Amino acid sequence: MIINFNSKGDNNRGFLTAIESAKDLPFEIKRVYYINKIPVGIRRGFHAHHQLVQCLIAISGSCKILMDYGNEDKQIFELNAPFLGLIINKMVWHEMYDFSDDCVLLALASDYYNEGDYIRSYDKFIEIVKK
Ligand code: TYD
């Protein structure tokens, strides 16, 4: 799901985008992280989460996100504007790629970092989806 956040501003003064936890997002934000300076050709992610829900925003530059639901259904989104958020629900295998040099990919997450919530094996992900 793509969320179009309300951006205020104009070309004279620039733009401001505000995101309020649980109002503009379908969850409470407990953690924020971002990735940047991703070398050309690198793909990241390669995991799903048991419970975590996230919203990804390319606050600078652009990148693509592959979302795989484990049932032959896949979607590719391009994030290329700081007012676009992509919700990654729990149990969605995701990979991020085609990062522009200036890409800063911000993640708003529904919970604290917990390695135990990660599914890092694609085979295991498929096995859980099929159960
Ligand atoms: P990693 O899962 O490899 O990132 P990606 O999903 O983009 O491929 O995470 C990189 C490192 O950062 C790894 O050592 C775990 C750590 N990390 C944290 O400490 N806190 C966090 O909130 C996240 C997302 C990762």
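For the structure, see preceding data.
Residues numbered from 1 in each chain as written. Predicted model: local features only at pLDDT ≥ 70, side-chain atom pairs only at ≥ 80, totals over all residues. Heavy atoms only, no water.

**Student:** Teacher, can you tell me more about the pairing of strand 5 (residues 44-49) here?
**Tutor:** Side-chain positions along a regular strand alternate between the two faces of the sheet. Relative to strand 10 (residues 93-97), strand 5 runs antiparallel, the two sharing 3 bridges. Directly across from R44, in strand 10, lies its bridge partner M96. The sheet contact formed by strand 5 and strand 12 (residues 118-119) spans 2 bridges and is antiparallel. What sits directly across from H49, in strand 12, is Y118. (Pairing = 2+ DSSP bridges. Helix = DSSP H or I, 4+ residues; strand = E, 2+ residues; numbered from the N terminus.)

**Student:** What exactly am I supposed to notice about the site of the ligand here?
**Tutor:** Taken together, R31, Y33, R44, G45, H47, Y113, Y118 and R120 are the residues near the ligand. At 3.0 Å from an oxygen atom of the ligand is found a main-chain nitrogen or oxygen belonging to G45. Within the complex, 58% of the 540 Å² of free accessible area of the ligand lies under protein. Broken down by secondary-structure element, the contributors of at least two residues to the shell around the ligand are strand 4 (31-36) and strand 5. The biggest single contributor to the shell around the ligand is strand 5, with 3 residues. Taken together, the residues of the shell around the ligand sort by class into 3 nonpolar, 2 polar and 3 charged. (Near = heavy atom within 4 Å. Polar contact = N/O pair within 3.5 Å; in protein donor to acceptor, adjacent residues only side chain to side chain. Areas by Shrake-Rupley, 256 points an atom, 1.4 Å probe, with all protein chains shown as cover. Nonpolar A, V, L, I, M, F, W, Y, C, P; charged D, E, K, R; others polar.)

**Student:** Before we go on, may I ask you to explain the pairing of strand 11 (residues 104-109) in this structure?
**Tutor:** Among the 6 residues that make up strand 11, 5 are buried, leaving the element largely enclosed by the rest of the structure. Across 6 bridges, the pairing between strand 4 and strand 11 is antiparallel. Each residue of the ladder has a partner; that of R31, found in strand 11, is A109. Alignment of strand 6 (residues 54-60) against strand 11, held across 6 bridges, turns out to be antiparallel. Residue pairing across strands places I57 opposite L106, the latter belonging to strand 11. (Buried < 20%, exposed > 50% of the residue type's maximum accessible area, 1.4 Å probe, protein only.)

Keep in mind these numbers describe shape, not what the thing actually does.
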